[in-house]
Amino acid sequence: MKLLMLGGTEFVGRAITEDALERGWEVAVFHRGHHAPPPGTAALHGDRTAPGGLDALAEGEWDLVVDTWGGAPTAVRDSARLLADRVGRYAYVSSRSVYSYPAPAGLDEDGPLVDGSPDAGATAYAEDKRGAELAVLDAFGDRALLARAGLILGPYENVGRLPWWLNRVARGGPVLAPGTPGLPLQYIDVRDLARWTLDASEAGRGGPFNVVSPLGHATMGTLLDACAAATGGAAEFRWTDPARIAEAGVAPWTELPIWLPEGELHDFMFGGDVTKVLAAGLKCRPVEETVADTWAWLRGLRGAAPQRPDRPAPGISPEKEAALLGL
């Protein structure tokens with residue numbers, strides 16, 4: 001297989017690139033040159049947002065292109081149109097954010113979607129992802145795979161959610177643990193997302209799939225216990241009522257990464273139906289493996305995870321955490 005990876009140097013793109021290389025595939029990585037791609041790839045340089053930015057893709061044929069773009073849909077539109085006659089299939093890593101909010105738990109791939117346009121500039125994340133889906137479908141039709149990922153965790157994470165918890169638990173002491181330990185989570189290890197995307201593409205699958213674990217594959221408690229086991233930190237988890245957290249002005253998801261209290265937003269983020277993707281072969285590794293491998297990667301970076309410039313670093317301040325815990 002010949003793979004053209006659009007991106008391929010960070011997080012999801014890097015995991016897909018490494019998985020393809022492990023399969024013995026021939027991989028070309030198209031990127032801006034800000035980060036080195038994995039060894040063993042052919043590098044093609046360009047900026048999808050600049051005039052002439054796709055010139056490096058003017059020639060060449062591939063069996064598959066994988067795209068993780070999350071900005072203006074026009075960038076996906078232009079690349080898909082350019083490659084439609086020279087690439088067998090197009091896999092787009094989209095997001096479950098494309099579903100209209102609010103949505104009940106158990107929503108499958110036929111649920112209502114936000115509006116989007118392949119001809120739009122950057123607007124908002126959900127609309128951008130939907131516009132990009134439409135761009136891929138316009139150019140590739142039933143040769144297009146839409147991998148609607150949920151929360152993505154694992155090595156190379158450049159958003160900072162799991163790295164923050166790992167570093168916090170490693171420091172030990174009383175730790176603000178939000179809600180209850182049994183709160184179910186739904187996420188996908190980046191390597192499981194990569195493996196399934198390539199497997200599904202090679203098998204000729206098309207259309208949308210919710211690519212996340214079954215609900216409750218992990219809970220907030222098993223996630224934090226895995227962080228403690230991996231880091232060896234002497235953390236004392238102080239499980240705290242969501243009402244107290246809200247009264248203190250502490251924001252779920254951003255100040256307490258990954259966590260959302262029970263309710264409408266939790267159902268939307270952690271309640272996707274995964275019947276279709278499980279039938280199509282998705283396998284999810286244990287949360288303990290995801291956490292341990294992410295910690296091993298972080299230790300190689302001395303705990304300083306990369307941070308996307310367009311995303312604020314998550315996590316509650318030590319002062320705010322101590323005040324809420326009454327320390």
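Please refer to the structure placed before this passage.
Being a predicted model, the structure only gives us computed values, none of them experimental. (Residues numbered from 1 in each chain as written. Predicted model: local features only at pLDDT ≥ 70, side-chain atom pairs only at ≥ 80, totals over all residues. Heavy atoms only, no water.)

S.K.: Before we go on, may I ask you to explain the overall build of the protein chain in this structure?
M.R.: Tallying secondary structure elements over the protein chain gives eleven helices and 15 strands in all. Taken over C-alpha atoms, the radius of gyration comes to 20 Å for the protein chain, in line with the 20 Å a tight globule of 327 residues would show. Once the C-alpha set of the protein chain is aligned to its principal axes, its extents read approximately 65 × 40 × 35 Å. Residues counted as buried form 51% of the 327 residues belonging to the protein chain. Within the protein chain, counting contacts between residues at least 6 apart in sequence, those at least 24 apart form 77% of the total. Carbon together with sulfur atoms contributes 51% to the accessible area of the protein chain, which is approximately 13500 Å² in total. Placing the 30 positive and 43 negative side-chain charges of the protein chain at their respective mean positions leaves the two points 3 Å apart. (Helix = DSSP H or I, 4+ residues; strand = E, 2+ residues; numbered from the N terminus. Rg over C-alpha atoms; globule rule 2.2 N^0.38 Å. Buried < 20%, exposed > 50% of the residue type's maximum accessible area, 1.4 Å probe, protein only. Contact = heavy atoms within 4.5 Å. Areas by Shrake-Rupley, 256 points an atom, 1.4 Å probe, with all protein chains shown as cover. Lys, Arg positive; Asp, Glu negative; His and termini not counted. Charge placed at Lys NZ, Arg CZ, Asp CG, Glu CD.)

S.K.: Just to check I follow, could you spell out the layout of surface pockets for this structure?
M.R.: In this approach a probe as big as a water molecule rolls over the atoms, and the regions it shows empty are the leftover space. The computed volume of the second largest pocket comes to approximately 160 Å³. For the second largest pocket, the full set of lining residues is Ala15, Glu18, Asp19, Glu22, Pro155, Tyr156, Val190, Arg191, Ala194, Arg195 and Arg285. The set of elements that each furnish at least two residues to the lining of the second largest pocket consists of helix 1 (11-22) and helix 5 (190-202). Among the residues forming the lining of the second largest pocket, the class breakdown is five nonpolar, no polar and six charged. (1 Å grid on protein atoms, 1.4 Å probe; cavity = no way out; pocket = protein on both sides within 12 Å on 5 of 7 lines; lining within 4 Å. Points joined across faces, edges and corners; volume = space filled by probe spheres on them. Nonpolar A, V, L, I, M, F, W, Y, C, P; charged D, E, K, R; others polar.)

S.K.: I would appreciate a short explanation of unusual backbone geometry in the present structure.
M.R.: Of note, the bond from Tyr101 into Pro102 is cis; its omega dihedral lies within 30 degrees of zero at 0 degrees. Note on placement: Pro102 falls in the loop between strand 5 (87-95) and helix 3 (125-140). Even without being a glycine, Tyr156 presents a positive backbone phi close to 80 degrees. Its location among the elements puts Tyr156 in the loop between strand 7 (151-153) and helix 4 (161-171).

S.K.: Hey, could you run me through the sheet that holds strand 1 (residues 2-6) in this one?
M.R.: Sheet strands pair by backbone hydrogen bonding; their relative direction is either parallel or antiparallel. Pairing is parallel across the open sheet formed by seven strands, whose spatial order is 3-2-1-4-5-6-11. A strand with exactly one partner marks an edge of an open sheet, and here the two such strands are strand 3 (42-45) and strand 11 (207-211). Strand-to-strand twist across the sheet, computed as the mean angle between neighbouring axes with direction ignored, equals 20 degrees. Relative to strand 4 (residues 62-67), strand 1 runs parallel, the two sharing four bridges. From the neighbouring strand, Leu4 faces strand 4, where its bridge partner is Val65. (Pairing = 2+ DSSP bridges. Axes fitted to C-alpha atoms, helices over the stretch in contact; angles between N-to-C directions.)

S.K.: Help me understand the pairing of strand 1 in this model?
M.R.: The side chains of a regular strand alternate between the sheet's two faces. Counting buried positions over the five residues of strand 1 gives four, a clear majority of the element. In this sheet, strand 2 (residues 26-31) lies alongside strand 1 in parallel orientation, the contact comprising five bridges. In the strand pairing of strand 2, Leu4 is matched with Ala28.

S.K.: Help me understand the pattern of salt bridges in this model?
M.R.: A side chain with one charge can pair with a side chain of the opposite charge if their charged atoms come near. Applying the stated rule across the entire model yields 19 salt bridges. A salt bridge links Arg48 to Asp67; the shortest N-O distance between them is 2.8 Å. Taken together, the positions of Arg48 in the loop between strand 3 and strand 4 and Asp67 in strand 4 put the pair 19 residues apart, joining distant regions of the chain. The burial state of Arg48 is the same as that of Asp67; both residues are buried. Residue Asp192 is joined to Arg195 by a salt bridge in which the shortest nitrogen-to-oxygen separation is 3.4 Å. Of this pair, Asp192 and Arg195 are both found in helix 5, three residues apart, which corresponds to roughly one turn of the helix. We classify Asp192 as buried; its relative accessible area is 3%. A single network of salt bridges, built from pairs that share partners, joins Asp189, Arg191, Asp192, Arg195, Arg285, Glu289 and Asp293. (Salt bridge = Lys/Arg side-chain N within 4 Å of Asp/Glu carboxyl O.)

S.K.: Is there a simple way to think about helix 1 in this case?
M.R.: Given 3.6 residues per turn, any residue in an α-helix points the same way as the ones three and four places further on. Between its terminal C-alpha atoms helix 1 stretches 17 Å, which fits the 16 Å expected from twelve residues at 1.5 Å a residue. With nine of its twelve residues buried, helix 1 lies for the most part within the structure. Taken as a whole, helix 1 has its buried residues at Phe11, Val12, Gly13, Arg14, Ala15, Ile16, Thr17, Asp19 and Ala20. On its buried face, helix 1 sits against strand 1, strand 2, strand 4, strand 5, strand 7 and helix 5. Gly24 occupies a position one or two residues after helix 1 and carries a positive phi of about 85 degrees. (Expected span 1.5 Å × (residues − 1).)

S.K.: Explain the packing of aromatic side chains to me, please; I cannot follow it from the model alone.
M.R.: Given two aromatic rings, their pairing is described by the distance between the two centres and the angle made by the two planes. In this structure the tally under the stated criterion is seven aromatic pairs. For the pair Tyr101 and Phe268, a centre-to-centre distance of 5.0 Å together with 90 degrees between the ring planes defines the contact as edge-to-face. Taken as a pair, Tyr101 in the loop between strand 5 and helix 3 and Phe268 in helix 8 (residues 264-270) lie far apart in primary sequence, 167 residues in all. Among the residues examined, Tyr101 registers a relative accessible area of 43% and is labelled partly exposed. Its relative accessible area of 9% is what places Phe268 among the buried residues. Taking the centre distance of 6.5 Å and the plane angle of 50 degrees together, the rings of Phe237 and Trp239 count as tilted. On the basis of relative accessibility, which here comes to 19%, the residue Phe237 falls in the buried class. One residue, Arg14, lies across the ring of Tyr156, its end atom 5.5 Å from the ring centre. (Phe/Tyr/Trp six-rings, centres within 6.5 Å; stacked < 30°, edge-to-face > 60°. Lys NZ or Arg CZ within 6 Å of the ring centre and 35° of its normal.)

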